[in-house]
Structure formats: C-alpha cells, structure tokens
Amino acid sequence: VVSGRGRGLVLAVGERTEFGKVAKELGEVEARKSPLQIKIDELGRTLAYASSAGIAMMALVGYLLGRGLLETITVAVSLAVAAIPEGLPICVTVTLALGVLRMARHAAIVKKLPAVETLGCATVIASDKTGTLTQNEMTARSMYSPAFPFTFSLTGVGYDVKKSGGFIVRSMSMENMQSENSVESVIMPGQSRVTNQCPEYACLAALFGTASICNNASVAEDGKTLGQPTEMALLVGSKKAGVPDPRPTYHRIQEIPFSSDRKKMEVRCRPVGGSHSCLAFALSAKREESGKVISPDGSVYFVKGMPESILAECQTRVAADGSSVTLTDSEKARALSRSR
C-alpha cells in the first residue's frame, strides 16, 4: 500500500496462511542427490550384483571339485571383501577437491564438495541478481543540456568515488561539435574533462544542484548510504561533477513525493542565507509576472522526474552562462531523443 487508507481483516495466521502452507511444503521436500551421488549408487549396486554372482559361481565350482565346505566359504568371503572398492571414496573426494580449487582460482567459493559436480552439470542458472550479480547500486552515466551540442558522461561505477574514481567529461569529438549549430559554448581544443573553470560548469551546477535539492538520499561520513538507488546515483554524480551538495544552505518548505501517476517529484525550498547556490536559481526566484515578483521570499520549486513529464511544463531553459532563455519545441524534441 503506497497511499490512502484501508482496513485489514485477518482470516488466518501461521501455517493456515498461504505463506505458511508454502513454508510447510518446502519443509517436507527431501534433499535430492547430485548426479555424481546417483552414479556412485549405481556403481555400488552393479559391483554388488557382479560380486554376488561371481562368489556364487566360485562356491559352486569348489563344491563340484570336491573341496571342503569351510575352504569354499573362506574363498567366497575373501572374494566378497576384495570386490569392495575401498579407494573409490578417496578418489572421488580428491577429484572434487581439485574442482573446488579450480573454482577458487576464478573467485568462486564452494562450501560443499558435491556442489562442484552439480555446477558442472548445469546449463542454465537462475539467480536473484541483487546482492548476487549486482550490488543494488545505480550510476548516472550521461547528461544532456540543450545549451550545448553534445552530451556529458560520468566516469567510474558505484557509490565509492575514492575507489572507482569519477569525473565529468564531454562525450563528443571536436569534429561533431563543429557540425552542430550552437554559439552558446566555447570549448578549448583538446579539452575533454569538465571542471569548475569550464564554461559549461554554470549550467551543470544548475542541473546537479536541482538533482541534489530534490533528493531524499544521504551519504554518511563513514560512507554508508541511505536512500533509493536512483537518488543515490544523482548525489554521487553531483560529487563527481564537482558540484557541492546545496541542501545544507536551503530550507525545505514543501514536498510533493514522486508517484507513478505524476512521474515526478517536487520540493519548494528557500535559501537559508538569502542567496542561492547558483545563478540559475537566483534568476528563477526573481522572475516577474504581471509586474510582480512570483516568489517574494526567494523560494523556488525544484522538480525532477520523467523527461516527458518535465518537458511538458517547461517554457524556458538554462543557457550556457546560467541565464534563462526560451525553450523551443525543437529543443524539447532533441532532449527527448537524447533521453532514450
């Protein structure tokens, strides 16, 4: 239940519930033998039948040759003991141990020896990826702004910036940049990494500033993360881009959480010290309508969500220098195409 109110009626508890029935059935499931164990059982039965037939034949031959009963029984028992493969368990254990060693060389730890043989017989493995194949971490990899004729990329994977590294770079060559019709950015030849000294930084500060303010995730001093993976990816992306988290300098007045119907999240914040963290936010707070300032207290709405939902309500965009310019339909279409 995500929102709203309701009343619950308890019909069953414990083993009488559907989950309880499933748990009871799972507890009654017998452990299945591995293919190797099945083969060893078949080999043991075959040896037992063959040795029994041989012992009976030897006893019969000895009786027909006129040997004593005690001597015949002694020979038969000796043959029965000799037919037991005493070295087979040792050979199987050593073989499985060698398999575990080979798996360990490929960074795969196997706790039970029979599991090595079972894994060797498997053709398809179905696994829950979170915590097994992945770490429940997301990474922001690409950004786009209509103010520039190229996209931006973030290097590094994961939340730990110290281990994986990470910074923001331009994702377009100089030849492709010259083919675009844009006069808003001036890029130095041979430069790929974007720093706070680059002309794109003012626009990126507005982008990542919004992503950080309209965010409920957090990173503790010891590196522990708290929040949804999507919001954590935006916070880590801001850190890689060199944009400080502006949330300590803002006071959140209102929040409209993300929902599947609206496909966006909105927060209304006011700067604590009276000044905004970047030029784009300050200009938004000073916008006028019918000769009056829209936000007398300097508060601004910060929104993040699906591109289709956000662009449908946008009339202006942030220019290369952080100022506000009109957003055209062609720029909306290009932004949507870059987001897919």
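Thresholds, definitions, all that
Residues numbered from 1 in each chain as written. Predicted model: local features only at pLDDT ≥ 70, side-chain atom pairs only at ≥ 80, totals over all residues. Heavy atoms only, no water. Helix = DSSP H or I, 4+ residues; strand = E, 2+ residues; numbered from the N terminus. Contact = heavy atoms within 4.5 Å. Salt bridge = Lys/Arg side-chain N within 4 Å of Asp/Glu carboxyl O. Buried < 20%, exposed > 50% of the residue type's maximum accessible area, 1.4 Å probe, protein only. 1 Å grid on protein atoms, 1.4 Å probe; cavity = no way out; pocket = protein on both sides within 12 Å on 5 of 7 lines; lining within 4 Å. Points joined across faces, edges and corners; volume = space filled by probe spheres on them.

Q: Could you give an account of the side chain of Glu231, naming the residues involved and the relevant values?
A: Within the fold, Glu231 resides in helix H9 (residues 229–240). Aside from chain neighbours lying at most four places away, what touches Glu231 is Asn215, Asn216, Ala217, Met265 and Lys304.

Q: Hey, could you go over the pattern of salt bridges for me, with residue numbers and the actual values?
A: On inspection of all chains with the given rule, the structure shows 10 salt bridges. Across the pair Glu231 and Lys304 runs a salt bridge whose closest N-O atoms are separated by 3.1 Å. Note that Glu231 is positioned in helix H9 and Lys304 in strand E10 (residues 300–305), a separation of 73 residues in sequence. On the basis of relative accessible area, Lys304 is assigned to the buried category, the value being 17%. In this structure, Asp245 and Arg247 form a salt bridge, with 2.9 Å as the shortest nitrogen-oxygen distance. Owing to a relative accessible area of 35%, Asp245 belongs among the partly exposed residues under this scheme. When salt bridges that share partners are traced, they join Arg262, Lys264, Glu266 and Glu313 into one network.

Q: So, empty space enclosed by the protein: which residues are in play, and what are the values?
A: Applying the stated rule across the entire model yields one cavity of 30 Å³ or more. In this structure, the largest cavity spans a volume of roughly 40 Å³. Around the largest cavity, the lining residues are Met138, Thr139, Ala140, Leu154, Gly158, Tyr159, Ala233, Val236, Gly237 and Lys240. Here the lining of the largest cavity gets four residues from one element, more than from any other, and that element is H9.

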